[in-house]
Amino acid sequence: MESVAAGDVRNGEQDIISWFEDVAENASRVQTQTLSRILELNSGVEYLKKWMGDINVQEMEASALESLYTSSVPLASHADLETYIQRIADGDTSPILTNQPITTLSLSSGTTEGRQKYVPFTCHSSQTTLQIFQFAAAYRSRVYPIRPGGRILEFIYGSNRFKTKGGIIAGTATTHYFASEEFKIKQEKTKSFTCSPEEVISSGDYKQSTYCHLLLGLHFHYEVEFLTSTFAYSIVQAFRAFEELWRNLCNDIREGTVSSRISLPKVRKSVSDIISPNPGLASWIEASCRELEDRDWYGLIPKLWPNAKYVYSIMTGSMQPYLKKLRHYAGDLPLVSADYGSTESWIGANIDPSSPPENVTFTVIPTFSYFEFIPLYRQNQNCVNSSIDDFIEDDPVPLSEVKIGQEYEIVLTTFTGLYRYRLGDVVEVAGFHKGTPKLNFVCRRKLILTVNIDKNTEKDLQCVVERVSQLLAKAKTKAELVDFTSHADVANQPGHYIIYWEIKGEADDEVLAECCNEMDASFVDQGYIVSRKTNSIGPLELCIVDGETFKKILEHFIGKGAAFSQFKTPRCTDNEVLLRILNDCTIKRFYSTAYG
């Protein structure tokens, strides 16, 4: 007989699915209504008045308002909104972007010319996060039902928050969410509870949190229903650490103690309050690990967490390189790709969790934001350099007018004060779920360097290289930079950036080592800094290649049919032929010591 709790969860999940099926059926109308609600809530704010004047939004018919809005308000990038957001950060409480006071700012994983990138965060942000988690859980439960009251082994990490000049709390969106009431509500609503207490999640120390996640995950090993993290990279990194730590973990479980490697008092106490001596479990884990070692840790997850139904995480885009290792740890356990969102807004959910991550699509949820799509056409379908943004754009179209097989850049209008905001994500429409599109994530426009949660653009790389290469001119030997490219090495762990320089003249090794350190320290992307400090990203590598190297790259592309007049040096490459040329031509290597 099904328990009352299980019945409540099942009924709640069915209600969520029924709601979405109705929304999807009427996606075009729902989008028009969503835009009307956004504009009504933020009627009269400074930014909208600039473009739409003093119109009375409440008196306008919804479709007419939609037409007026899309014809009056221009497309905007973060740079266009930056001065408005900075005023909020500096303490301006007037209705600039929203009528609701903004008391929190999210720190985007991208940066612009050395400045941190703030995005407004309101209670709506946490509420939609709760909604999409409940929504996605409902669809997952239809394929992989879990026991109410079970545990989730979550490799999640909060980071330090700080206050801006104007007293606004700033931090990553995930940190805000983990600290919110909605995070607690999510566990109650889904009847699935994280293994780790808040003190572990918000410790600010990546290594200590990971150790405690593993320890508590083992403590609750029989109760764990699935494993998850924001990014697949975090799960892979956690189990790479486990390979080295399992003996320590077994000792802690056997003795009911917390390793001395956990030095944060609040974290030690929170974990000590949960665990107790369990020699039997420790012996079982020890025997299991010896067996797993003999098969190179294949199937580690189902062996140690026998009731786990799946592994759940973002596995698309820059996370795809980690799928091979994740599958090795997961054995036959399904990998389920998590939902599609950004710091600015949630976009779509994975409603077909049985699809492999490589084939996942994300179904747009029309109530979360107002979505537009800029059609993109590639200038050269046979372009040999995928890192160059070679798109031609057309006028934006609403959600209801997108076409299957077409690539688009997403444009958002959000409840949090972003208006016709270009997200920079390239997606392809794979199909429809009733009236709402299903999207494949293609890439970030102009994003070229990413290993973990870091995101550095061609502009970011250019600024770093230009500034640091000036050290060559100041040196006694007066060398100069001829050309450069880069590669995000994720084949070796931890992944790291490799920057290839071709220089003219001679440069002392001391100068080149300084250049290497300076480049590593000059990337200001918050995700990169945090990952370097925790060694989730390894030291930057500077490779000096011999003369004529970039000429060989040019000749390779021309040999493949590229036109000399249109050739551009790829600033980042994963091309195996190019990497072979670069590595064969490398004459010196330097590794950064900027982060110790």
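Calculation notes
- Residues numbered from 1 in each chain as written.
- Predicted model: local features only at pLDDT ≥ 70, side-chain atom pairs only at ≥ 80, totals over all residues.
- Heavy atoms only, no water.
- Helix = DSSP H or I, 4+ residues; strand = E, 2+ residues; numbered from the N terminus.
- Rg over C-alpha atoms; globule rule 2.2 N^0.38 Å.
- Buried < 20%, exposed > 50% of the residue type's maximum accessible area, 1.4 Å probe, protein only.
- Contact = heavy atoms within 4.5 Å.
- Areas by Shrake-Rupley, 256 points an atom, 1.4 Å probe, with all protein chains shown as cover.
- Expected span 1.5 Å × (residues − 1).
- Pairing = 2+ DSSP bridges.
- Axes fitted to C-alpha atoms, helices over the stretch in contact; angles between N-to-C directions.
- Core = buried A, V, L, I, M, F, W, Y, C linked by side-chain atoms within 4.5 Å.
- Salt bridge = Lys/Arg side-chain N within 4 Å of Asp/Glu carboxyl O.

Draft legend 1. Local environment of the overall build of the protein. Along the backbone of the protein there are 20 helices and 24 strands. Its C-alpha atoms give the protein a radius of gyration of 25 Å, near enough to 25 Å, the size a compact globule of 596 residues would have. Burial status across the protein gives 53% buried among its 596 residues. A separation of at least 24 residues holds for 70% of the contacts in the protein among residues at least 6 apart in sequence. Entry remark: accessible area of the protein is about 25600 Å², with carbon and sulfur atoms responsible for 49%.

Draft legend 2. Quick peek at the side chain of Thr104. With respect to the helices, strands and loops of the structure, Thr104 is situated in strand 1 (residues 104–112). On the accessibility criterion, Thr104 (12% relative accessible area) is buried. Here Thr104 is in contact with Pro120, Phe121, Ile168, Ile169 and His176, once residues within four sequence places are set aside.

Draft legend 3. Here's a closer look at helix 6 (residues 123–143). Between its terminal C-alpha atoms helix 6 stretches 31 Å, which fits the 30 Å expected from 21 residues at 1.5 Å a residue. Here helix 6 lies mainly inside the structure; 15 of its 21 residues are buried.

Draft legend 4. The arrangement of the sheet that holds strand 24 (residues 586–591) in detail. Strands sit in the order 21-22-23-24 across an open sheet of four strands; the sheet is mixed. A strand with exactly one partner marks an edge of an open sheet, and here the two such strands are strand 21 (480–489) and strand 24. Strand-to-strand, the axes of this sheet are offset by a mean angle of 20 degrees, without reference to chain direction. One ladder, built from five bridges, connects strand 23 (residues 541–545) with strand 24; its direction is antiparallel. Residue pairing for strand 24: Cys543 is matched across the bridge by Arg589.

Draft legend 5. Layout of the nonpolar core. Ranked by internal contacts, the top residues of the largest apolar core, which has 84 residues, are Phe239, Phe242, Leu300, Ile301, Trp305 and Trp501. Ranked by size, the runner-up nonpolar core spans 49 residues in total, among them Met52, Ala76, Tyr340 and Val360.

Draft legend 6. Looking closely at the pattern of salt bridges. Under the criterion given, the structure shown has 23 salt bridges. In this structure, Glu21 and Lys434 form a salt bridge, with 3.0 Å as the shortest nitrogen-oxygen distance. Placement of Glu21 in helix 1 (residues 4–25) and of Lys434 in the loop between strand 17 (421–433) and strand 18 (436–444) is noted, with a sequence separation of 413 residues between them. Judged by relative accessible area, Lys434 falls into the partly exposed class, the value being 44%. Each of Glu21, Glu25 and Lys434 takes part in salt bridges that share partners, so that together they form one network.

Draft legend 7. Representation of the sheet that holds strand 9 (residues 335–337). Here we have five strands laid out as an open sheet, ordered 6-3-7-8-9, and parallel in their pairing. In the strand order of this sheet, the two ends are held by strand 6 (192–194) and strand 9, each with one partner. Strand after strand, the sheet turns through a mean of 30 degrees between neighbouring axes, direction not considered. In terms of strand pairing, strand 8 (residues 310–314) meets strand 9 through three bridges, oriented parallel. Within the sheet, the bridge partner assigned to Val311 lies in strand 9 and is Leu335. Running over the sheet, helix 15 (residues 323–330) touches strand 8 and strand 9 and is turned about 135 degrees from strand 9.

Draft legend 8. View of the side chain of Ser288. For Ser288, the location among the structural elements is in helix 13 (residues 279–294). Taking relative accessible area as the criterion, Ser288 reaches 2% and is therefore assigned buried. If sequence neighbours within four positions are ignored, Ser288 has contacts with Lys303 and Leu304.

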